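# Geometric and topological summary
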Amino acid sequence: NAGATASPEGFTCGFGVSKDVWFRYTAAASGPVSVSTCTAARGFDTVMRLWSGACGSLSSIACNDDRCGLGSQIDFQATQGTTYFVQVGGYNGQEGNFELVLVASNDECTGALPLSLGANG
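What you see is a predicted model, and the numbers here were worked out from it, not measured in a lab. (Residues numbered from 1 in each chain as written. Predicted model: local features only at pLDDT ≥ 70, side-chain atom pairs only at ≥ 80, totals over all residues. Heavy atoms only, no water.)

Here we come to the confidence of the model for the chain. Residue-level pLDDT values for the chain average 84, and 84% of them are 70 or greater. Mean pLDDT in the chain bottoms out at strand 7 (residues 101-104), which sits at 89, and peaks at strand 5 (residues 73-78), which reaches 96. (pLDDT = per-residue confidence, 0-100. Helix = DSSP H or I, 4+ residues; strand = E, 2+ residues; numbered from the N terminus.)

With respect to burial, strand 6 (residues 83-90) is a largely interior element, seven of its eight residues being buried. Where strand 1 (residues 18-26) and strand 6 come together, seven bridges link them in antiparallel fashion. Within strand 6, the residue paired with F23 across the bridge is V86. Relative to strand 6, strand 3 (residues 46-54) runs antiparallel, the two sharing seven bridges. (Buried < 20%, exposed > 50% of the residue type's maximum accessible area, 1.4 Å probe, protein only. Pairing = 2+ DSSP bridges.)

Okay, the sheet that holds strand 6 next. Pairing within the open sheet is antiparallel, and its four strands lie in the order 1-6-3-4. Only two strands of the sheet have a single neighbouring strand rather than two, namely strand 1 and strand 4 (57-65). Here the strands of the sheet are splayed against their neighbours by 25 degrees on average, with no regard to which way each runs. (Axes fitted to C-alpha atoms, helices over the stretch in contact; angles between N-to-C directions.)

Another aspect to go through is the packing of aromatic side chains. On inspection of all chains with the given rule, the structure shows seven aromatic pairs. Ring geometry for W22 versus F85: centroids 6.5 Å apart, planes at 70 degrees, classification edge-to-face. Placement of W22 in strand 1 and of F85 in strand 6 is noted, with a sequence separation of 63 residues between them. Classification of W22 as partly exposed rests on a relative accessible area of 30%. On the basis of an interplanar angle of 25 degrees and a centroid distance of 6.4 Å, the ring pair of Y25 and Y84 is categorised as stacked. With Y25 in strand 1 and Y84 in strand 6, the pair connects residues that are 59 residues apart, well separated along the chain. Judged by relative accessible area, which is 5%, Y84 ranks as buried. (Phe/Tyr/Trp six-rings, centres within 6.5 Å; stacked < 30°, edge-to-face > 60°.)

Right, let's get into the sheet that holds strand 5. The antiparallel open sheet is built from three strands, whose spatial order is 5-2-7. Both outer strands of the open sheet, strand 5 and strand 7, are each paired with one neighbouring strand and no more. The mean angle between the axes of side-by-side strands here comes to 15 degrees, regardless of whether they run parallel or antiparallel. By the bridge criterion, six bridges tie strand 2 (residues 31-36) to strand 5 in an arrangement that is antiparallel. Counted as the bridge partner of S34 is D75 from strand 5.

In this structure the tally under the stated criterion is two disulfides. The disulfide bridge from C13 ends at C63, spanning 2.1 Å between sulfur atoms. On the sign convention where negative is left-handed, the bridge of C13 and C63, at about -75 degrees about the S-S bond, is left-handed. Within this pair, whereas C13 is found in the segment before strand 1, its partner C63 is found in strand 4, the two being separated by 50 residues in sequence. A residue is classified by how much of its surface remains accessible, and C63, at 21% relative accessible area, is partly exposed. The partner cysteine of C38 in its disulfide is C68, sulfur to sulfur 1.7 Å. Its S-S torsion of approximately -85 degrees makes the covalent link between C38 and C68 left-handed. (Disulfide = S-S within 2.5 Å.)

Printed below as a string of structure tokens:
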């Protein structure tokens, strides 16, 4: 997040959060989703906020600070076809490297996701 600035959409958790970056995820299937910075937030304190809707008219879903040490994690129920935005910033203006991990649980045959060469994550 080095060089990032604070967005007008602030954080409802954490303190002095700034230097935020945004990511977009569209759910391929309905079901539980977990998004986190837990694997790489060693020494860098992240704060995360989850949104849905369209830019300019976003609705806040959740905000998290320090769910896993200095890392953040939000678990939610995704709806197929819905676009979600993940905002990650540095607690008290911190900068650093982080890895954003998104896991969409899918353990039912009826919800099986199609596979495409080179397009799976």
